[in-house]
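Structural characterization, general
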Amino acid sequence: MANFHIDENSLMELVCATHNPDDGINFNANVVLSAIEKILNFEKATDKEATKEMLQEFDLNYRELSLKIQHICFELTFKSLSIIDGHLTTICLLSTLSAYSWEAKMVLMLAAFSICNGKLNIFSQLHYTKGLAKQLAIVMQITNSTTSNAPNPIDDLIKCAMDLTKCIVEINQSSSYSLSQSVISALPMASYWIGRSIACIVAHCACFPLINIKFQSEMNIITVEIKDILSSCYPALETKKAEESYKALKSALFHNSSNKLEVLKLVLNVIDESEISLSRRFYEAKIRLQLDTEFGLNFFDDENAKVALLLTSGLDISNERIQFLNNFYLDSMSTPFILWIPIVDDHFLWSTKQYKEFRDKMQFAMMDDPHKRIARSFTRFVKENLLPHFQIGEESILISLDQQGRIIHTNAMHMIQTWSPDYIEDRKLKVQGRNNIIPFIKKEMKERSQGLDSLIFDIDEQISLLAREVDDKIDAWTNQINNRINELREHSNMYTSERENALWKKEKDWSLRLVVGEMDNEVTSWIEKERCIFLYGGNDIKWVREFTSKVHEVTLNTESDIELIYVGKNEKVRASIDEEHPSYFLESPYHAWRFWTRLQSALLSRINYLNAANCHGDECDDEIAQGFKKLLGYECKGATMEGWTLLGKGQRVITCGQGAKMLRVINEYENWKENMSLKSFEQAFKDYYNKTLHTSCSPNSHSCCAFEYPITLKEIPKKEKCPECFHDMQKLVTFTCYHGDN
């Protein structure tokens with residue numbers, strides 16, 4: 001029996017002394033381990049023929065290792081029959097394998113043991129009756145019969161040895177992963193205890209009738225030692241797996257992947273897509289009911305299925321944003337399929353109840369309990385690679401993926417807030433229609449064939465035939481191109497950063513359409529009919545009442561086509577307008593949220609576009625960006641503006657300024673009404689406003705403006721000028737708590 005009280009340091013020195021590795025000796029340890037498991041799997045190797053086939057396959061595939069493995073088999077068998085101390089047997093085995101790495105030693109010793117074990121299995125089934133064969137057959141029969149209904153210490157030890165070896169091999173198989181010091185220091189003793197385990201088992205089989213109790217005690221001790229080493233290596237293995245999972249996900253999202261389904265499986269940490277069940281709630285207009293539909297993750301295997309990931313900071317998503325995303329999803333013909341993925345930090349308390357409440361409101365894809373589904377590697381990816389677009393505690397973002405699962409827009413949220421789906425998807429894009437080209441071709445060909453009718457009597461027929469052929473070819477070509485456009489639209493995700501930049505390239509001027517977007521069909525109609533439109537806002541009810549009343553008075557006196565739209569955020573002011581004046585206003589908190597959130601998104605999208613075009617900071621005085629800033633500055637939380645007004649006609653923004661000066665122009669209507677006979681209402685208003693602006697008593701007579709940049713903006717300006725007086729504004733840093741408040 002072995003002396004288990006040997007000094008650990010001395011044992012380590014002894015084991016390390018057997019190690020003299022040759023880097024040129026290599027083999028595929030994973031493949032060999034797979035073959036070992038097949039041989040050791042008694043449930044599959046139930047007959048001698050199956051076991052023979054496994055042994056022959058092993059010998060055929062690993063012939064270059066066969067001599068070394070046979071050598072170890074001989075050492076194991078000989079020393080076990082001689083009842084040599086298991087410790088000495090192990091040192092002998094390690095010395096025989098001195099040129100191999102530590103993990104290779106473990107694999108080869110287990111390979112030798114599996115072959116010995118396979119042969120024992122054949123012996124027991126053949127019922128040999130002579131010499132060693134008879135004794136081994138008896139041992140196998142006794143072992144199997146006595147341990148069929150009880151824990152088998154041999155099986156337990158083999159399993160521990162295999163688990164430890166597989167763990168070490170898996171940790172060491174990646175060249176990109178550096179072994180931790182704890183694993184490096186554990187390798188010699190891991191090899192030693194693997195050798196001790198197989199030496200103990202073989203000795204146990206050879207001497208079972210005599211000293212079974214002693215060997216069982218030794219196996220229990222060796223099992224404990226191996227389990228201790230295994231428990232110290234598991235953290236390193238988990239770290240390695242996490243790192244490899246993260247790198248695989250990062251590569252798939254940024255570079256290339258087989259398809260988007262494989263990427264989603266990485267995001268959700270599943271091997272089989274059937275593990276995930278998704279659901280979507282939608283409104284069926286015909287029966288006026290909310291219906292639920294369930295589908296599997298393999299839905300995204302369809303080449304026509306486009307996908308975008310909605311990332312939120314935990315469950316921090318407002319009802320207004322849910323309503324907007326629902327509307328966007330329903331309005332779009334080829335929108336990406338939205339999948340909600342809440343990202344949580346380590347201190348977030350997950351609420352399944354709250355999640356289900358949100359799920360009932362959403363009409364896009366959801367999953368059951370995403371807190372348990374979302375891979376930690378994806379959460380890490382978001383935090384490390386999607387800054388500044390996404391931060392815990394900030395607004396939600398929408399990641400757009402292409403058909404290969406690659407990120408084509410790190411945040412399409414501003415894009416879909418700014419433009420309508422049909423404008424983004426450019427549904428009108430096609431080969432333009434034309435007038436009948438046949439008369440033109442006939443005329444051209446008759447001019448070219450003048451005088452030929454005296455020789456060719458059917459020349460007119462030939463010309464008509466040619467004209468029809470050309471017309472048919474043009475129609476066929478037109479249909480082919482339009483079909484290709486439709487096919488590309490169906491198969492491609494158009495919500496890309498390139499598409500967003502292309503949309504901004506079309507916008508050359510600050511316009512009323514950029515301000516109101518798709519706010520309302522009635523407002524759109526006013527713009528198309530070139531009506532004068534006052535957009536106005538403010539928190540002072542008295543000012544709003546006076547301004548509204550005066551504009552109505554001017555409208556009646558001049559019979560001008562003027563419309564008033566209150567777009568301010570103040571609900572009390574909005575209610576007051578509704579009671580006293582028939583002007584148009586944003587009728588609900590959602591519409592107010594939508595208007596101002598869209599303006600902020602449009603500004604941030606414009607800034608990102610300017611940065612991409614290397615036009616930013618003081619060097620770029622962009623009219624569109626300045627227009628957005630001015631409006632947002634009026635309604636910011638820190639602003640003290642009593643009121644503000646923007647006057648536009650059609651697409652043009654005529655003027656925009658603080659309410660006091662705008663009200664003064666309206667009150668002094670008698671002073672400039674005669675100019676309307678020479679100019680239009682809007683031009684006369686603008687001229688008088690500019691005159692009023694320049695004759696103000698003091699450049700600092702206006703109320704305070706304020707402006708907020710979200711922390712998620714890639715580059716925040718170091719200074720900002722006031723939209724009214726153009727002096728440098730004071731810069732403040734504000735921290736806002738987001739817990740429990742949408």
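In case you missed it, the structure is sitting above this.
My aim in this report is to walk through the structure given alongside it, one point at a time. All figures in this text were calculated on a predicted structure; none of them were measured in a lab. Per chain, the residues get numbers from 1 upward, laid out in the order the sequence is written. In view of the model being predicted, local features appear only for residues whose pLDDT reaches at least 70, and side-chain atom pairs are presented and counted only at 80 or more, with totals across whole chains, interfaces and linings using the full set of residues. Here the side-chain values reflect all heavy atoms present in the structure, with hydrogen atoms and water set aside.

1. Quick look at the sheet that holds strand E3 (residues 307-313)
Selection criterion: For two strands to be treated as a pair, DSSP must find at least two bridges joining them. Helix and strand labels come from DSSP, where a helix needs a run of H or I of at least four residues and a strand needs a run of E of at least two; each type is numbered from the N terminus. Whenever a helix is involved, its axis is fitted only over the stretch in contact; in every case the axis is a line through C-alpha atoms, and angles between N-to-C directions fall within 0 to 180 degrees.
The four strands are arranged E4-E3-E6-E7 in an open sheet whose pairing can be described as mixed. Every interior strand has two partners, whereas the edge strands, strand E4 (337-343) and strand E7 (407-409), have only one. Within this sheet the neighbouring strands show an average axis-to-axis angle of 35°, counted without direction. As paired elements, E3 and strand E6 (residues 397-401) share five bridges and run antiparallel to each other. Looking across to E6, one finds that Leu-311 is bridged to Ile-397.

2. Structural notes on the sheet that holds strand E9 (residues 562-566)
With mixed pairing, the five strands of this open sheet are ordered in space as E10-E9-E8-E11-E12. With partners counted over all chains shown, the strands left at the sheet margins are strand E10 (584-585) and strand E12 (652-658), one partner each. Where strand E11 (residues 644-649) and E12 come together, six bridges link them in antiparallel fashion. By the bridge assignment for E12, Lys-649 is matched with Arg-652.

3. Considering the nonpolar core
For the record, the criterion: What we call a nonpolar core is a set of buried Ala, Val, Leu, Ile, Met, Phe, Trp, Tyr and Cys residues that are connected through their side-chain atoms within 4.5 Å. Any residue under 20% of the maximum accessible area for its type is buried, any over 50% is exposed, and the rest in between are partly exposed; the area is computed with a 1.4 Å probe on protein chains only. Whether two residues are in contact is decided by their heavy atoms: any pair within 4.5 Å suffices.
Ranked by internal contacts, the top residues of the largest apolar core, which has 104 residues, are Leu-309, Leu-311, Trp-340, Ile-341, Phe-378 and Leu-631. Per-element tally for this core: the top contributor is helix H25 (residues 589-612), with 12 residues. With residues near it in sequence (within four places) discarded, Leu-309 still touches Leu-264, Leu-339, Ile-341, Phe-378, Ile-397, Leu-398, Ile-399 and Leu-401. Formed by 64 residues, the second largest nonpolar core is a distinct cluster that contains Leu-65, Met-109, Ala-186 and Ala-199.

4. Overview of helix H2 (residues 29-40)
The condition that has to hold: Expected helix span is computed as 1.5 Å times (number of residues minus one). Counted as a polar contact is a pair of N or O atoms within 3.5 Å, where, for protein atoms, one must be capable of donating a hydrogen and the other of accepting one, and residues adjacent in sequence contribute only when both atoms are in side chains.
Spanning 12 residues, H2 covers 16 Å between terminal C-alpha atoms, matching the ideal 16 Å at 1.5 Å per step. For H2, the N-terminal cap is Asn-28; the gap from its side-chain oxygen to the backbone nitrogen of Asn-30 is 3.2 Å.

5. Thoughts on the pattern of salt bridges
What counts, and what does not: Salt bridges are defined by distance alone: a side-chain nitrogen of Lys or Arg within 4 Å of a carboxyl oxygen of Asp or Glu.
Applying the stated criterion across every chain yields a total of 21 salt bridges. For Lys-265, the salt bridge goes to Glu-262, with nearest N and O atoms at 3.4 Å. Of the two residues, Lys-265 and Glu-262 are both situated in helix H11 (residues 260-267); the distance of three residues between them amounts to about one turn of the helix. On the accessibility criterion, Lys-265 (11% relative accessible area) is buried.

6. Things to note about helix H19 (residues 459-491)
An α-helical turn contains 3.6 residues, so a residue and the one three or four places further along point in the same direction. Helix length check: H19, at 33 residues, gives a terminal C-alpha distance of 48 Å against a target of 48 Å (1.5 Å per residue), a fit within 8%. Residues Ile-459, Ile-463, Ser-464, Ala-467, Asp-471, Thr-478, Asn-482, Ile-485 and Arg-489 constitute the buried set of H19. On its buried face, H19 sits against helix H17 (421-425) and helix H18 (438-448).

7. Some points on unusual backbone geometry
Leu-387 connects to Pro-388 through a cis peptide bond whose omega is 0°. Relative to the helices and strands, Pro-388 is located in the loop between helix H15 (376-385) and E6. Of note, the phi angle at Asn-269 is positive, near 60°, even though the residue is not glycine. Mapped onto the fold, Asn-269 is located in the loop between H11 and strand E1 (277-284).

8. Considerations on a negative patch on the surface
What counts, and what does not: Each patch is built from residues that are more than 30% exposed by relative accessible area and take part in no salt bridge. Like charges join if they lie within 9 Å; nonpolar side chains (Val, Leu, Ile, Met, Phe, Trp, Tyr) join within 5 Å. For every accessible area listed, the method is Shrake-Rupley and the probe measures 1.4 Å; residues are considered covered only by the protein chains on display. Here Asp and Glu are counted as negative and Lys and Arg as positive; His is not counted, and neither are the chain ends. By convention, charge coordinates are those of NZ in Lys, CZ in Arg, CG in Asp, or CD in Glu.
Judged by side-chain charge, Asp-7, Glu-8, Glu-13, Glu-225 and Asp-228 come together as a negatively charged surface patch. Contributions of two or more residues to the negative patch are made by helix H1 (8-17) and helix H10 (208-254). Mapping Glu-225 onto the fold places it in helix H10. Take Glu-225: its relative accessible area is 31%, and that puts it in the partly exposed class.

9. Structural notes on the packing of helix H23 (residues 541-558) against helix H27 (residues 659-667)
Packed helices, taken two at a time, are described by the angle their axes make and the gap between the axes. Condition: Definitions for this section: a left-handed crossing has its near helix turned counterclockwise from the far helix by less than a right angle. A right-handed crossing has that turn clockwise. When residues are grouped by polarity, Ala, Val, Leu, Ile, Met, Phe, Trp, Tyr, Cys and Pro land in nonpolar, Asp, Glu, Lys and Arg in charged, and all others, Gly among them, in polar.
H27 packs onto H23 with a crossing angle of 35° between their chain directions and a minimal axis gap of 10 Å. Note on packing geometry: the crossing formed by H23 with H27 is left-handed. Contact residues: Trp-543, Glu-546, Phe-547, Lys-550, Val-551 and Val-554 in H23; Gly-659, Ala-660, Met-662, Leu-663, Ile-666 and Asn-667 in H27. When the residues that make up the contact of H23 with H27 are grouped by side-chain class, the tally is eight nonpolar, two polar and two charged.

10. A short note on the pairing of E11
With respect to burial, E11 is a largely interior element, six of its six residues being buried. Bridging between strand E8 (residues 532-537) and E11 involves six bridges; their strand directions are antiparallel. Paired with Ile-533 across the two strands is Gly-648, which belongs to E11. Here E11 folds back onto E12, and the loop between the two strands holds two residues, one of which, Gly-650, carries a positive phi near 60°.

11. Observations concerning the side chain of Lys-105
For Lys-105, the position within the fold is in helix H6 (residues 102-126). Glu-103 is the oppositely charged side chain nearest to the buried, salt-bridge-free Lys-105, at an N-O distance of 9.1 Å. Those residues in contact with Lys-105 that sit more than four places away from it in its chain are His-19, Leu-94, Leu-97, Ser-98 and Tyr-100.

12. Considering the packing of aromatic side chains
Centre distance and the angle of the planes are the two values used to describe a pair of aromatic rings. The line we're drawing: Only the six-membered ring of Trp is used, alongside the rings of Phe and Tyr, when aromatic pairs are assigned; centres must lie within 6.5 Å, and planes under 30 degrees apart are stacked while those over 60 apart are edge-to-face, with the rest tilted.
Taken as a whole and judged by the stated rule, the model has 31 aromatic pairs. With centroids separated by 5.6 Å and ring planes inclined at 90°, the aromatic side chains of Phe-534 and Phe-547 adopt a geometry described as edge-to-face. Taken together, the positions of Phe-534 in strand E8 and Phe-547 in helix H23 put the pair 13 residues apart, joining distant regions of the chain. As far as burial versus exposure is concerned, Phe-534 and Phe-547 are alike and both buried. Aromatic side chains Tyr-590 and Trp-593 sit 6.0 Å apart centroid to centroid with 25° between the ring planes, which places their arrangement in the stacked category. A residue pair is termed a helical-turn pair when its members lie 3 or 4 positions apart in one helix, as Tyr-590 and Trp-593 do in helix H25 at three residues. Both residues of the pair, Tyr-590 and Trp-593, count as buried. Joined through ring pairs, the aromatic side chains of Phe-534, Tyr-536, Trp-543, Phe-547, Tyr-566, Tyr-669, Trp-672, Phe-681 and Phe-685 make up one cluster.

Purely spatial values, then, with no claim about function.
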